[in-house]
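Fold and geometry: a report
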Amino acid sequence: EERTRLVRELHDEIGPSLASLGLSLDMALIQGVDQREMNDHLNTLRDRVAGLVDEVRSTVTDLRSEPSTSLVTRLQHLRSILPTSMDIEIDLDERRPVRPSISDNVYGIIGEAIRNAANHSNGGRVVVRGWVDFERGRVAVLDDGTGFDPELVPTGHFGLIGMNERAVESGIRLDFSSSDAGTAVTLEWGTT
């Protein structure tokens, strides 16, 4: 009942109030074109309001969703069904599951990195290492394969594009590094 009440309050009262404040700031920006210092200040305020509105939406999504399934559990399941002889090690310190509003994208990126390593790296081992604590985390997927050039993606392969899209959608920082000694895909969220 308390979760439901909080969701309604965030959605029906706080969210619209912040959106209205943002709209008022937009109007002030339009009217105050000649006042550079005021415009800079109003732009800063507008950016803060936009961030608050996004956070309220994420909180509402989290409260409306069932708690996330453990990322470790999901990765262990993927490991068990993936048709590969590659050794897949999962070394994650999961204090609390990933927040529901981004958990599918976090899992999707990590899962795609594991599948790419298994299918394309020609390596023998992949390690998923890092930590997760609800709204914050840092996870690296490391393989010992032959590497690839992230700028030269073969036609018809959309895994990296999808990973980048998921990262942008959820505010996840995503980094690819690759050499003939292997590939590292690192994702980080909520740590700044």
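Let me sum up the structure you'll find in this document. (Residues numbered from 1 in each chain as written. Predicted model: local features only at pLDDT ≥ 70, side-chain atom pairs only at ≥ 80, totals over all residues. Heavy atoms only, no water.)

Focus: the nonpolar core
Formally: Among the buried residues, those of types Ala, Val, Leu, Ile, Met, Phe, Trp, Tyr and Cys that are joined through side-chain atoms within 4.5 Å form a nonpolar core. Any residue under 20% of the maximum accessible area for its type is buried, any over 50% is exposed, and the rest in between are partly exposed; the area is computed with a 1.4 Å probe on protein chains only. Secondary structure elements are defined from DSSP: runs of H or I of at least 4 residues count as helices, runs of E of at least 2 residues count as strands, and each element is numbered from the N terminus.
The biggest cluster of nonpolar side chains holds 33 residues, and the ones touching the most others in it are Leu71, Leu75, Val106, Ile110, Ile114, Leu187 and Trp189. Elements represented by at least two residues in this core include exactly helix H3 (71-81), strand E1 (87-96), helix H4 (100-120), strand E2 (125-133), strand E3 (136-143), helix H5 (159-170), strand E4 (173-179) and strand E5 (182-189). Counting residues in each nonpolar core, the second largest holds 10 residues, with Val7, Leu18, Leu29 and Val49 among its members.

Thoughts on the pairing of E2
If a strand is regular, its side chains alternate between the two faces of the sheet. We apply this condition: Being paired, for any two strands, means DSSP has found at least two bridges between them. Handedness rule for crossovers: strands pointing away from the viewer, path from the first strand over the helix to the second running clockwise, crossover right-handed.
Sheet topology places E1 next to E2; 9 bridges connect them, and they run parallel. Opposite Glu89, over in E2, you have Val127 as the bridge partner. Assessed by its sense of winding, the connection that carries the chain from E1 through H4 to E2 is left-handed. As defined by bridge partners, E2 adjoins E3 across 8 bridges and the pair is classed as antiparallel. Each residue of the ladder has a partner; that of Val127, found in E3, is Leu142. The loop that links E2 with its antiparallel partner E3 comprises 2 residues; one of these, Phe134, has a positive phi angle of about 55 degrees.

Some words on the environment of Val53
Rules: Contact criterion: two residues are considered in contact whenever any of their non-hydrogen atoms come within 4.5 Å of each other.
Here Val53 shows up in helix H2 (residues 36-64). By relative accessible area, which is 13% here, Val53 ends up buried. Along the chain, Val53 and Ser17 lie 36 residues apart, while their C-alpha atoms are 9.4 Å from each other. Each residue touching Val53, except ones within four places of it in the same chain, is listed here: Leu18 and Ala19.

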